[in-house]
Amino acid sequence: TRPEFMKKHMVLMLATRNSARLQHEAFQTFKLFVANPNKPKLIVAYLVRNRRILENLVQNLQAPAGASDQEVDVLRQDCSALLRRFAQLP
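Residues numbered from 1 in each chain as written. Predicted model: local features only at pLDDT ≥ 70, side-chain atom pairs only at ≥ 80, totals over all residues. Heavy atoms only, no water.

**Q** What is the right way to look at the side chain of His 24 in this model?
**A** In this fold, His 24 is placed in helix H2 (residues 20-35). Here His 24 is in contact with Pro 64 and Leu 75, once residues within four sequence places are set aside. (Helix = DSSP H or I, 4+ residues; strand = E, 2+ residues; numbered from the N terminus. Contact = heavy atoms within 4.5 Å.)

In structure tokens form, the structure reads like this:
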């Protein structure tokens, strides 16, 4: 859970706005950082500092073309869970 690794995935989510599939894949890794209940202090500080940007990314995340209804539902659930986690940050 190194902050640099998390930052790379956040940048990938930002940089791949034109590719829902790549953005979705980056999100799958990024959500592990947010959901981790034992996040290092550096990760928490980074999430707090960038909370609004990250919330916006999560709120606007789209399922990739061709995603099944189940994949879309899972993505919605994951996004809702992350938004709740952001709200719990200090």
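**Q** Teacher, can you tell me more about the packing of helix H4 (residues 51-59) against helix H5 (residues 69-88) here?
**A** Any two packed helices are characterised by the angle at which their axes cross and by the distance between the axes. Where H4 contacts H5, the two axes come as close as 10 Å, and the packing angle between them is 165 degrees. On the basis of their axis angle, the class for H4 and H5 is roughly antiparallel. The interaxial crossing formed by H4 with H5 has left-handed handedness. Residues Arg 51, Leu 54, Glu 55, Val 58 and Gln 59 of H4 form the contact with H5, whose participating residues are Cys 79, Leu 82, Leu 83, Phe 86 and Ala 87. Class assignment of the residues belonging to the contact of H4 with H5 gives a composition of 7 nonpolar, 1 polar and 2 charged. (Axes fitted to C-alpha atoms, helices over the stretch in contact; angles between N-to-C directions. Parallel < 35°, antiparallel > 145°, perpendicular 65-115°, else oblique. Left-handed = near helix turned anticlockwise from the far one by under 90°. Nonpolar A, V, L, I, M, F, W, Y, C, P; charged D, E, K, R; others polar.)

**Q** Sorry, what's going on with H4 here?
**A** It helps to recall that an α-helix has 3.6 residues per turn; residues three or four apart then point in one direction. Among the residues making up H4, those that are buried are Arg 51, Leu 54, Glu 55, Leu 57 and Val 58. End-on view of H4: buried residues confined to an arc of 160 degrees, all on one side of the axis. More than 90 degrees from the buried face of H4, the exposed residues found are Arg 52 and Gln 59. (Buried < 20%, exposed > 50% of the residue type's maximum accessible area, 1.4 Å probe, protein only. Arc of directions from axis to C-beta.)

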